[in-house]
Amino acid sequence: MKPDVYSQRCGSRQVLDRIGDRWSVLVVLTLADGTKRYGDLARRIEGVSQKMLTQTLRALERDGLVTREVHASVPPRVDYALTDLGRSLLDLVSGLEAWATTHLDEVEAARVRYDAQAM
């Protein structure tokens, strides 16, 4: 059966949900320049809770996009990095980041216009 992201039952929908998730996008962007520790990710991605960051990292690891390496040290050190599959997302998520920053003023202006009409 051909993948169909419009079908609720298709696994491709789950993949799209994962790579389109706000926290997943930010984790992938943060890991673009190399391996990071959990604390580095948490500091860089403002607003993400510990629970949400942990869930996102586990889901990305499960989907084969991120690796998790535990180092036997005191205190324990855990490093996260993109896999080759995760790196294949970089052009896509970097494009989303570029679009969001390039068009921020236009989007904010549209919101102001919309909100003014809604009152």
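Up top is the structure these notes are about.
Fair warning: this is a prediction, and the values are worked out from it, not measured in the lab.

Concerning the sheet that holds strand β3 (residues 77-82)
Moving on, step 1. Strand order across the open sheet formed by three strands is β1-β3-β2, with antiparallel pairing between neighbours. Of all the strands in the sheet, the pair left with one neighbour each is β1 (36-37) and β2 (66-71).
Moving on, step 2. Contacts between helix α2 (residues 22-31) and the sheet are confined to β1, β2 and β3, with β3 contributing the most and set at about 95 degrees to the helix.

Description of the pattern of salt bridges
Oppositely charged side chains may form a pair once their charged atoms are brought near each other.
Moving on, step 1. This model, assessed by the stated rule, comprises four salt bridges.
Moving on, step 2. With a closest N to O distance of 2.7 Å, D79 and R77 form a salt bridge.
Moving on, step 3. With a relative accessible area of 31%, R77 lands in the partly exposed category.

A few points about the layout of surface pockets
Moving on, step 1. Looking at the largest pocket, its volume works out to about 210 Å³.
Moving on, step 2. Taken together, L26, L29, T30, D33, R44, I45, E46 and E97 form the lining of the largest pocket.
Moving on, step 3. In terms of residue count, the dominant contributor to the lining of the largest pocket is α2 (three residues).
Moving on, step 4. Class assignment for the residues of the lining of the largest pocket results in three nonpolar, one polar and four charged.

How each quantity is defined
Residues numbered from 1 in each chain as written. Predicted model: local features only at pLDDT ≥ 70, side-chain atom pairs only at ≥ 80, totals over all residues. Heavy atoms only, no water. Pairing = 2+ DSSP bridges. Helix = DSSP H or I, 4+ residues; strand = E, 2+ residues; numbered from the N terminus. Contact = heavy atoms within 4.5 Å. Axes fitted to C-alpha atoms, helices over the stretch in contact; angles between N-to-C directions. Salt bridge = Lys/Arg side-chain N within 4 Å of Asp/Glu carboxyl O. Buried < 20%, exposed > 50% of the residue type's maximum accessible area, 1.4 Å probe, protein only. 1 Å grid on protein atoms, 1.4 Å probe; cavity = no way out; pocket = protein on both sides within 12 Å on 5 of 7 lines; lining within 4 Å. Points joined across faces, edges and corners; volume = space filled by probe spheres on them. Nonpolar A, V, L, I, M, F, W, Y, C, P; charged D, E, K, R; others polar.

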